[in-house]
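A look at the structure
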Amino acid sequence: MNALQRRGACPALSTPMQTGDGLLVRLNPVAGGLSPKALIGLSESAARHGNGIMEITARGSIQIRGLTAASASQLAADVNALSIAVRTGVPVETGPLAGLDSHEIADPRPLAEAIRGAIEKADLAGKLGPKVSVVVDGGGAIGLDAILADIRLVAVQGGGNARWHLSTGGTAITARPLALLDEAAACDATLVILQAIATRGRESRARDLPVPLAFATSPAGNAATLSERRRPTDSIPIGILPLASHTHAVGIALPFGSMPAESIAKLCSEAAACGTDEIRPAPRRVLLFLGLTKEACTDLQQAASTLGFVTDAADPRLHIAACPGEPACASSRIATREIAETVASTHAGLLDGSFTLHISGCAKGCAHPATAALTLIGGENGAGLVVDGTAKALPPRYSPRYEAARGLGRVAALAGSARHDNETVAACLARLGEAAITEAFGRLGTD
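Computed from a predicted structure; not experimentally measured.

**Thoughts on the sheet that holds strand S3 (residues 53-56)**
On the basis of which strands lie adjacent, the open sheet formed by 5 strands has the order S1-S2-S4-S3-S12 and antiparallel pairing. Every other strand in the sheet has two partners, leaving strand S1 (17-19) and strand S12 (258-260) as the edge strands with one partner each. Pairs of neighbouring strands in the sheet enclose a mean axial angle of 30°, with direction left out of account. Relative to S12, S3 is paired through 3 bridges, and the arrangement is antiparallel. Across the sheet, the residue bridging to Met 54 is Met 259, located in S12.

So, in C-alpha cells, the structure goes:
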C-alpha cells in the first residue's frame, strides 16, 4: 500500500509511517510527560535523524518527521537511551493534567489503567484497528471534548462519588450517550464494546455498532438527560493554570503544531532554568510546563514568545491548520507555513475563531482531515480554494501559487465588508456562498 492508502495507520515508534517527507513516528510517553533534559535529548535526536521538525498533534502526541528506515532505528535507540517509555497498543487517553488538576471531578488514571489491563488480558490489541481509541476524561481545566474517540468516559459528580458518563463514536458533542456507571461497571462496559468492535474486523469502529442494548438505558437517566450533562467544547490550554500541588503549569502552543527541534530544545533549557520539573504534550498542539511559580510562568512565556511560540490564546495562528508544506514535504505543491504566517499577520480579521482555515500542500489533507469552511490546496493547477469541504475535493477556482496568500486576503476583505453586526466570519462565509468566495479568491490584479 502507498502512504495515501494507509492514512488509517498510526505511526508508532515501532511502525513508522511513510509520508511525503520521509518516515513519521508518533510518541506518547507512558508517564504522561518528560523531564526538560529528556525532551532536549529527544529534540537533539530528531534534529540528527529527521528533518529537524517536531510536532505536537491535535490529540497531544509528539511527532518526529523526515526519518529514513535507518535513522528511525537510530531514533528508537536514542529514545531507549533517554529512558523514555512510550505507550503501545490501544490508546486509552487521559487529560494532560490527570491527577494534578485542582478542578478535576475524578482522577481518571485508575480507570484508564484498569481498561488497559483488561484489554491486555483479553488480547484485544491485535484485533482492533489502529485508530480505535478510548478517552477517560476526569474533567477539570483541560477537557477532551474535541477529541474523537470510539468510547468516551467522562466523570460526572453525583452524590459524593463520581460516576462515569459512557458514550460512543465521536466527540463530546457527536458521541452517542449510553449510560452512567460506576468505575468497575465502566471498565466492564468498555471491554464489552471493544470486543464487539473486534468481532466485526479491524476496519470496524464504534460508530458501526448498533446501540448496545445492555447500556441503552441507565438508572441515572435516559439518553437526553445524559447528553445535557456534557461540558461545552473545551478551549485551547494556553496560559497559566493552577495545580493541586499549589504550583502552576503554563501552556505554550507550537504555531501550526510544529517547530524546529532546535527551538524546542532552547525552550526546554529556558524551562529548566525557570524550575520546570516536567513537560507534558497536550491536545490542541500545546506543551504544558509543570511545577512553576506564577512569576516563573510569566518569565517562560516571554522566552517562548521570543522564540516564536504561541503564548496568547488570541493569537490568530491558532485558527489555522497547516501541514509542513514545501520544502519540507515532497508531496506538497505550496509553501503552506509561509502562506499561513502571512495570512495570520496581515489578515487576522478572517481568523475570529469561528472556524479553522485549512492550508494543505496537497490533496491528502494531513493537517485537518475534516471539513473546513475554507481549505486552500496546492495542486498541479496552482492553489485552489474549497468552500465547506476537505482537501480531497476538487477546487472550483485556482490562483497562481504565488498569489495564494493574496487570494485569501481578498476573501478576508470580502468577509470584512459583508459581515453583519455580531455575525461570525463562519456565518458570513456560509451566507456569501461558494461562488462569491471563490470569485474573490481567484480575481487577480485587484489588491
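**What about the confidence of the model for the protein?**
A residue-level look at the protein finds 91% of positions with pLDDT of 70 or above and a mean pLDDT of 89. Segment residues 1-7: pLDDT under 50, and 10 contacts once partners within four positions in sequence are set aside and those in other chains are kept. For residues 216-233, every residue scores under 50 in pLDDT, and the model assigns this stretch 33 contacts once sequence neighbours within four places are set aside.

**With respect to empty space enclosed by the protein**
One pass over the full model with this rule turns up 3 cavities of 30 Å³ or more. Quantified by volume, the largest cavity comes out at close to 120 Å³. Lining the largest cavity we find 15 residues, and of these Arg 65, Cys 323, Cys 329, Lys 364 and Cys 366 sit closest to its centre. A breakdown of the residues in the lining of the largest cavity according to their chemical character gives 5 nonpolar, 7 polar and 3 charged. Roughly 50 Å³ of volume is contained in the second largest cavity. Lining the second largest cavity are Gly 95, Leu 97, Ala 98, Asp 101, Glu 104, Pro 108, Asp 137, Gly 138, Gly 139 and Ile 142. Of the residues that constitute the lining of the second largest cavity, the class distribution is 4 nonpolar, 3 polar and 3 charged.

**So, the nonpolar core**
With 38 residues, the main nonpolar core has Leu 42, Met 54, Ile 64 and Phe 289 as its most contacted residues. Those residues in contact with Phe 289 that sit more than four places away from it in its chain are His 248, Ala 249, Val 250, Ile 252, Leu 267, Ala 271, Thr 276, Glu 278, Ile 279 and Leu 300.

**Quick word on helix H6 (residues 261-274)**
Between the first and last C-alpha of H6 there are 20 Å, a value that for 14 residues agrees with the 20 Å anticipated at 1.5 Å per step. Restricting attention to buried positions, one finds in H6 the residues Ala 261, Ser 263, Ile 264, Ala 265, Leu 267, Cys 268 and Ala 271.

**What about the pairing of strand S2 (residues 22-27)?**
For S2, the tally of buried residues reaches 5 of 6 residues, placing the bulk of the element in the interior. Strand direction decides the pairing type here: S1 and S2, joined by 3 bridges, are antiparallel. Residue pairing across strands places Met 17 opposite Leu 24, the latter belonging to S2. Hairpin connection between S1 and S2: a loop of 2 residues separates the two successive antiparallel strands.

**Looking at the pattern of salt bridges**
Going through the model one piece at a time under the given rule, you end up with 16 salt bridges. In this structure, Arg 109 engages Asp 107 in a salt bridge whose closest nitrogen and oxygen atoms are separated by 2.7 Å. Residue classification places Arg 109 among the partly exposed residues on the basis of a relative accessible area of 39%. Residue classification places Asp 107 among the partly exposed residues on the basis of a relative accessible area of 29%. A salt bridge links Glu 262 to Lys 266; the shortest N-O distance between them is 3.6 Å. One end of the pair, Glu 262, and the other, Lys 266, are both in helix H6, 4 residues apart, so they sit about a helical turn from each other. Among the residues examined, Lys 266 registers a relative accessible area of 43% and is labelled partly exposed.

The rules behind each value
Residues numbered from 1 in each chain as written. Predicted model: local features only at pLDDT ≥ 70, side-chain atom pairs only at ≥ 80, totals over all residues. Heavy atoms only, no water. Pairing = 2+ DSSP bridges. Helix = DSSP H or I, 4+ residues; strand = E, 2+ residues; numbered from the N terminus. Axes fitted to C-alpha atoms, helices over the stretch in contact; angles between N-to-C directions. pLDDT = per-residue confidence, 0-100. Contact = heavy atoms within 4.5 Å. 1 Å grid on protein atoms, 1.4 Å probe; cavity = no way out; pocket = protein on both sides within 12 Å on 5 of 7 lines; lining within 4 Å. Points joined across faces, edges and corners; volume = space filled by probe spheres on them. Nonpolar A, V, L, I, M, F, W, Y, C, P; charged D, E, K, R; others polar. Core = buried A, V, L, I, M, F, W, Y, C linked by side-chain atoms within 4.5 Å. Buried < 20%, exposed > 50% of the residue type's maximum accessible area, 1.4 Å probe, protein only. Expected span 1.5 Å × (residues − 1). Salt bridge = Lys/Arg side-chain N within 4 Å of Asp/Glu carboxyl O.

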